[in-house]
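Chain by chain, the residues:
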Amino acid sequence: MRILYLSTGIFKIRYGQQRYETDFLSACLREQPDSIFRIILFNDSIIPSLWEFRSPNIRLSLCGYNNRFISKIKFVLISFWHALIKRPKIIICAHINLSVVCLIISYLLNIKYVMLTYGLD
């Protein structure tokens, strides 16, 4: 199963929401080991060398730049591109601020999506 995972980021900060998302990804990989994940991260620009989820079934796209406007454009374009070309079975939206992108992709391409919530979001 192809899964598109949209997130604000999981590498820059390692507590709170980022820890929640890392635990969620770990559970998904454990329960769906044959699934192919395309993870698109809005704020992150580098992958730590000790990242625990190294797998051929995980592909990362990092959109973090010093210029937030460029990051936003890159994030939206990459998200739409992968949804259109790869046709994931489901989209996982890891932050409420990204829900508009998920909603539009879901509506245009008829792909179901799930919203993760954490804290006061």
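Just so it is clear, the structure is predicted and the values come from calculations on it, not from any experiment.

(A) Layout of the environment of isoleucine 90. Assignment of secondary structure puts isoleucine 90 in strand β4 (residues 90-93). Sequence separation between isoleucine 90 and isoleucine 3 is 87 residues; the distance between their C-alpha atoms is 5.3 Å. Once residues within four sequence positions are removed from consideration, isoleucine 90 is found in contact with Arg2, Ile3, Leu4, Ile111, Lys112, Tyr113 and Val114.

(B) Representation of a nonpolar patch on the surface. On the surface, Tyr65, Phe69, Ile70, Ile73 and Leu77 cluster together into a nonpolar patch covering about 520 Å² of accessible area. Within the secondary structure, leucine 77 sits in helix α2 (residues 68-86).

(C) Expanded view of the pattern of salt bridges. Inspection of every chain in the model, using the stated rule, returns one salt bridge. Its salt-bridge partner being arginine 19, residue aspartate 23 comes within 3.0 Å of it at the nearest N-O pair. Residue aspartate 23 and its partner arginine 19 are both found in helix α1 (residues 17-31); the two are separated by four residues, about one turn of the helix.

(D) Structural context of α2. The end-to-end C-alpha separation of α2 is 26 Å, in line with the 27 Å expected for 19 residues at 1.5 Å each. Every buried residue of α2 is listed here: Ser71, Phe75, Ile78, Ser79, His82 and Ala83. The buried residues of α2 all sit within an arc of 125° when viewed along its axis, so they share a single face. Away from its buried face by more than 90 degrees, α2 exposes Phe69, Leu77 and Trp81. Looking at the buried positions of α2, the neighbouring elements they touch are β1 (2-7), β2 (36-41), β3 (58-62) and α3 (99-109). The N-capping residue of α2, defined by a side-chain oxygen 2.9 Å from the backbone nitrogen of phenylalanine 69, is asparagine 67.

(E) Layout of the packing of α2 against α3. At a minimum axis distance of 11 Å, the contact between α2 and α3 shows a crossing angle of 30°. Relative to α3, α2 is oriented roughly parallel. By crossing handedness, the relation of α2 to α3 is classed as right-handed. Packed against α2, whose contacting residues are Val76, Ser79, Phe80, Ala83 and Leu84, the element α3 presents Val101, Ile104, Ile105, Leu108 and Leu109 at the interface. Its residues assigned to classes, the contact of α2 with α3 comprises nine nonpolar, one polar and no charged.

(F) Layout of α1. Taking 1.5 Å per residue, 15 residues should reach 21 Å; α1 reaches 21 Å between its end C-alpha atoms and fits that length. Along α1, the positions that sit buried rather than exposed are Gln17, Gln18, Glu21, Thr22, Leu25 and Cys28. For α1, the arc enclosing every buried residue in end-on projection is 135°, short of the 170-degree limit, so these residues lie on one face. Among the exposed residues of α1, those pointing more than 90 degrees away from its buried face are Arg30 and Glu31. Next to the buried residues of α1 lie β1 and β2.

(G) Local environment of the environment of isoleucine 46. Inspection of the secondary structure assignment puts isoleucine 46 in the loop between β2 and β3. Separated by 15 residues in sequence, isoleucine 46 and serine 61 place their C-alpha atoms 9.9 Å apart. In this view, isoleucine 46 contacts Phe11 and Leu62; residues no more than four positions away in its chain are not counted.

The rules behind each value
Residues numbered from 1 in each chain as written. Predicted model: local features only at pLDDT ≥ 70, side-chain atom pairs only at ≥ 80, totals over all residues. Heavy atoms only, no water. Helix = DSSP H or I, 4+ residues; strand = E, 2+ residues; numbered from the N terminus. Contact = heavy atoms within 4.5 Å. Patch = residues over 30% accessible without salt bridge, like charges linked within 9 Å, V, L, I, M, F, W, Y side chains within 5 Å. Areas by Shrake-Rupley, 256 points an atom, 1.4 Å probe, with all protein chains shown as cover. Salt bridge = Lys/Arg side-chain N within 4 Å of Asp/Glu carboxyl O. Expected span 1.5 Å × (residues − 1). Buried < 20%, exposed > 50% of the residue type's maximum accessible area, 1.4 Å probe, protein only. Arc of directions from axis to C-beta. Polar contact = N/O pair within 3.5 Å; in protein donor to acceptor, adjacent residues only side chain to side chain. Axes fitted to C-alpha atoms, helices over the stretch in contact; angles between N-to-C directions. Parallel < 35°, antiparallel > 145°, perpendicular 65-115°, else oblique. Left-handed = near helix turned anticlockwise from the far one by under 90°. Nonpolar A, V, L, I, M, F, W, Y, C, P; charged D, E, K, R; others polar.

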